[in-house]
Amino acid sequence: MNDNKYDVIVVGGGHAGCEAACAAANLGSSVLLITMDMTRMAQMSCNPAMGGVAKGQIVREIDALGGQSGIVADNSAIQFRMLNRSKGPAMWSPRTQNDRTLFTLEWRNILENTNNLSFWQDVVQELIIEKDKVVGVKTGLGLELKSKAVILTSGTFMNGLIHVGEKNFGGGRMAEKSSKGITEQLVANGFKAGRMKTGTPARVDGRSLNFALMEEQMGDECSYMFSYTKTKPLTKQRSCYITYTNKEVHEVLKTGFDRSPMFNGAIQASGPRYCPSIEDKINRFSERERHQLFIEPEGWNTHEIYVNGFSSSLPLDVQHEAMRKIVGFENVKIFRPGYAIEYDYFPPQQLKLTLETKGINGLYFAGQINGTTGYEEAACQGLMAGINAHNSIKGIDPFILKRNEAYIGVLIDDLVTKGTDEPYRMFTSRAEYRILLRQDNADQRLTPKGFKLGLASEERMNKLDDKKVVLSSIEKEIRNTSVTPDEVNTYLISQTSTPIKQKVKIHSLLVRPNLEIKPLLDKSEKTKTILDQNYSEEVFESVEIKLKYEGYIKNEMERVEKINRLENIHLHPDFDYSSLKALSSEAREKLKEIKPNTLGQAGRISGVSPADVSVLMVHLGR
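Each chain carries its own residue numbering, running from 1 in the written order of its sequence. Given that this is a predicted model, residues contribute local features only at a pLDDT of at least 70 and side-chain atom pairs are listed and counted only at 80 or more, while totals for whole chains, interfaces and linings are drawn from all residues. Water and hydrogen atoms play no part in the side-chain values, which are based on all heavy atoms of the structure.

K.L.:
Outline the overall build of the protein, listing residues and values.
P.N.:
Regarding its fold elements, the protein presents 21 helices and 21 strands. In terms of overall size, the protein behaves like a compact globule, its C-alpha atoms giving a radius of gyration of 26 Å where 622 residues would be expected to give roughly 25 Å. Here the C-alpha coordinates of the protein stretch approximately 80 × 70 × 55 Å along the principal axes. Burial status follows relative accessibility: with a 1.4 Å probe on protein chains alone, a residue under 20% of its type maximum counts as buried, one over 50% as exposed, and anything between as partly exposed. In the protein, which comprises 622 residues, the share counted as buried stands at 57%. All tallies of charge rest on Lys and Arg as positive and Asp and Glu as negative; His and the ends of each chain are not included. Where a charge sits is defined by one atom per residue type, namely NZ (Lys), CZ (Arg), CG (Asp) or CD (Glu). Of the side chains in the protein, 80 bear a positive and 77 a negative charge, and the two mean positions are spaced by 2 Å. Helical segments are the DSSP runs of H or I of at least four residues, strand segments are the runs of E of at least two, and each set is numbered from the N terminus. Restricting the calculation to C-alpha atoms gives the radius of gyration, and the globule rule supplies 2.2 Å times the number of residues raised to the power 0.38.

Written out as structure tokens, the structure reads:
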């Protein structure tokens, strides 16, 4: 290391830290990424997968803005699936199974080839703060490194405590030491801190499993992946498998409850509601006789298996005995046990929508330090923190995504406005405009914004412009081309759709639920040539979704316009809410704490009623 002055210092090399460092560096800031172990960049600490319900949309949004997670996921994928195909397109969610080792290597390759980005392997023990502004960090080796902004992405490392049965020991991950000092310093500076808990399953030896007794889960045949760049679709894939727990498994697990940190009081922190440990599941859902398990390979060239759904902090002997009662696991060998981990977090109401802290200028939080869970949630926060740290340093306006623009906007608004007292996980149900926030249109929504920032490349923007031309051309042909009963009725009958009696536009047929775009295009000589153009499946999908659901899309856009009237009424951060006696006492307290940016955000704060919003509107002359 030849310098000790940077624009941005990023603390932590997890998913949030990697995206933050890349974003700020690619925008032109000089960046130092400090991590305890450079061989574990963006380590997949839990399941070896990216995406899934709502999370897949986030990965595509990161990619559309010019982030890296989608590219890394594609280049390390061993399986691709589009989840929720049986539901509407707002629910479709891409997911990759990944080679854990290759994922980290791909990230490191990107990081080491990013201009303006330097590295230092060390632990950060203290922030350097002068007059309520962060100006650098102090490391375990005694170095003082100066910067104009610091992005803290500590994951589960701050005062991390690992539990396996009655044993517990400090650690940020298994076999990795925890970080101490920063929590205590921030609390001394007026921050509120809390504890959260997460867990992970045992890893097992695939050679000891009988896959013939399980249900095989193969990947999709696909022509596209996460990234809108030229990453290559998979030509071969590894299968996952499905099996189940049973009554015998549950009975064995119960024998360890008296030694479980979940039940004997050793763990006090809140765990993830939507990804509970196996002991928590059989305790809370005692009426269920079995729970589904997904058996996931950890890579192309390893026998290591991740047992998705069997997260546990029970004693090792109980974990092992219970696993041997699972069908296909009769001779199972464990590589390492499941464990729970408690760690420090900071309630995110202490942040601005830029992810800068309200208490210390230039200090940003991203990832699990904000109470979230999941690689995707962490990565998108890192991306946004990196962008906003750079913008702030350069005197550029903050970059904030609205709830109708991206799942990323929903996530950050939820955190800052509502807070969380348990690990926050994104779901499609959290987004009120999810028909607008589909995985297929993330590039159309966000690449122009990423290009304007200087993060998405000109090549990305040109590719999007070309795609828009193609989409418009196909849509025009579908709206203007008619088909006769002779051309189309055989297809309609085969799909149990009512035959037509006269010539009709293809568009009027496409809106029917059972009919698909490509067979309809094939029925007219005029549109059949479109199928010969070698367009991607994604192009046809985008046109079909837009035309089938344009009524719903129009309704959501009208709702957005109404809500945006409140989003466009800005509130000054120093607004004196205590002077408005007509506000409820709870509203005054919450508004002073959160300091909302807009009237719309104020209305989403728990404890602020519609009557309180009306009081604010009257005061603002609206």
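K.L.:
Could you give me a rundown of the environment of aspartate 122, with the residues and numbers involved?
P.N.:
Residue position: aspartate 122 is located in the loop between strand 6 (117-121) and strand 7 (124-130). As a C-alpha pair, aspartate 122 and threonine 139 span 17 residues in sequence and 6.5 Å in three-dimensional space. Sequence-distant contacts of aspartate 122, defined by excluding residues within four places in its chain, comprise Ile34, Thr35, Met36, Thr139, Gly140 and Leu141. Side chain to side chain, aspartate 122 and tryptophan 120 meet in a polar contact 3.0 Å long. Two residues form a contact once any of their heavy atoms are found within 4.5 Å. Counted as a polar contact is a pair of N or O atoms within 3.5 Å, where, for protein atoms, one must be capable of donating a hydrogen and the other of accepting one, and residues adjacent in sequence contribute only when both atoms are in side chains.

K.L.:
How would you explain the packing of aromatic side chains if you had to name every residue and give the values?
P.N.:
The aromatic pairing rule takes the rings of Phe, Tyr and Trp, using the six-membered ring of Trp, and pairs them if the centres are within 6.5 Å, calling planes under 30 degrees apart stacked, those over 60 edge-to-face and the rest tilted. According to the stated counting rule, one finds ten aromatic pairs in the structure shown. Centre to centre, the rings of tyrosine 549 and tyrosine 552 are 6.1 Å apart; their planes meet at 45°, and the pair counts as tilted. By relative accessible area, which is 25% here, tyrosine 549 ends up partly exposed. Residue tyrosine 552 is classed as exposed on the basis of its relative accessible area of 56%. With 4.6 Å between their ring centres and 35° between their planes, phenylalanine 575 and tyrosine 577 make a pair best called tilted. In this structure, phenylalanine 575 and tyrosine 577 share a single accessibility class: buried. An aromatic cluster is defined as three or more aromatic residues linked by ring pairs; in this entry it consists of Phe80, Tyr224 and Phe226. Both a distance and an angle decide whether a charge sits over a ring: NZ of Lys or CZ of Arg must be within 6 Å of the ring centre and within 35 degrees of the ring normal. The side chain of arginine 430 reaches across the aromatic face of tyrosine 424, ending 4.1 Å from its centre.

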